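# Topology and contacts: notes
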Amino acid sequence: INLIEPYIQKGQNVVDLGCGWGQYPFALADLVGAEGMVYAVDLGKKCIDSIQKKISKEGRGNIKAYASSAAELGFIGDRSVDNVFANGLLCSMAYGRQLALDEIKRILKLSGKAYLSLGMAPPFGYVGQTEWENIMHGFTVERGGSFKEMWAIVSLRT
């Protein structure tokens, strides 16, 4: 979260794609404040149920949790998100990676940033060097970006 934190401001909308059990959505919600919104998205229904219980317990009005694939974000409007946090998401998706990237590009504001990282390289992750380089060519790389680094902060190509 340290790499994207400088890009997050009060009042922004942020999406945590592949949020798992909720390690980052609450920290992101603190950064955007009550005026902002964090969408916590994960395919695991049990993960989302756990996050929703914590949201209710803590009375958080600035986090919405959704059990969904990163390739299906129809509940988030076009160009409505300031930052996308996808930590280890793409390397864990056996299929639908391009659809997830298309959704990131659809929801991200023209001025927005996305943090994309590979938690694991092959054989443990699904994204190899060639695919990572192709992904990077689809964005403007702001920081990072090499396969060796396994992360990048990117923006939309304009």
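Description of the structure in this document. (Residues numbered from 1 in each chain as written. Predicted model: local features only at pLDDT ≥ 70, side-chain atom pairs only at ≥ 80, totals over all residues. Heavy atoms only, no water.)

Here we take up the pattern of salt bridges. A side chain of one charge can pair with a side chain of the opposite charge if their charged atoms are brought near each other. Counting across every chain of the model gives nine salt bridges. The shortest N-O distance in the salt bridge between Asp30 and Arg60 comes to 3.0 Å. One end of the pair, Asp30, is in helix α1 (residues 25-32); the other, Arg60, is in the loop between α2 (45-58) and β3 (63-67), and 30 residues separate them in sequence. In this structure, Glu131 engages Arg97 in a salt bridge whose closest nitrogen and oxygen atoms are separated by 2.7 Å. Here Glu131, found in helix α5 (residues 129-137), pairs with Arg97, found in helix α4 (residues 97-107); they are 34 residues apart in sequence, far enough to count as distant. Here Glu131 falls in the partly exposed class, since its relative accessible area comes to 26%. Members of the salt-bridge network, linked through shared partners, are Asp30, Lys54, Glu58 and Arg60. (Salt bridge = Lys/Arg side-chain N within 4 Å of Asp/Glu carboxyl O. Helix = DSSP H or I, 4+ residues; strand = E, 2+ residues; numbered from the N terminus. Buried < 20%, exposed > 50% of the residue type's maximum accessible area, 1.4 Å probe, protein only.)

This brings us to the packing of aromatic side chains. Evaluation of the coordinates by the stated rule reveals five aromatic pairs. Ring geometry for Tyr66 and Phe75: centres 3.9 Å apart, planes at 15°, overall stacked. We classify Tyr66 as partly exposed; its relative accessible area is 24%. Overall, Phe75 belongs to the partly exposed group, its relative accessible area being 29%. Taking 5.3 Å as the distance between ring centres and 15° as the angle between the ring planes, the aromatic pair formed by Phe85 and Tyr115 counts as stacked. Note that Phe85 is positioned in strand β4 (residues 81-87) and Tyr115 in strand β5 (residues 108-117), a separation of 30 residues in sequence. Like Tyr115, Phe85 is buried. Ring pairs connect the aromatic residues Tyr24, Phe85, Tyr115 and Trp151, which therefore count as one cluster. For Lys54, the ring lying beneath its charged end belongs to Phe26, and the centroid distance is 4.3 Å. (Phe/Tyr/Trp six-rings, centres within 6.5 Å; stacked < 30°, edge-to-face > 60°. Lys NZ or Arg CZ within 6 Å of the ring centre and 35° of its normal.)

Bringing the sheet that holds β3 into the picture now. Where strands meet in a sheet, backbone hydrogen bonds hold them as pairs that are either parallel or antiparallel. If you walk across this open sheet you meet the seven strands as β3-β2-β1-β4-β5-β7-β6, and the pairing is mixed. Only two strands of the sheet have a single partner each, and these edge strands are β3 and β6 (139-144). Sheet twist, expressed as the average angle between the axes of neighbouring strands with direction ignored, equals 20°. Direction of pairing for β4 relative to β5: parallel, over a ladder of six bridges. Pairing of Asn87 across the sheet is with Ser117, part of β5. Contacts from α1 reach β1 (13-17), β2 (37-42), β3 and β4 within the one sheet, and its direction differs from that of β2 by about 165°. (Pairing = 2+ DSSP bridges. Axes fitted to C-alpha atoms, helices over the stretch in contact; angles between N-to-C directions. Contact = heavy atoms within 4.5 Å.)

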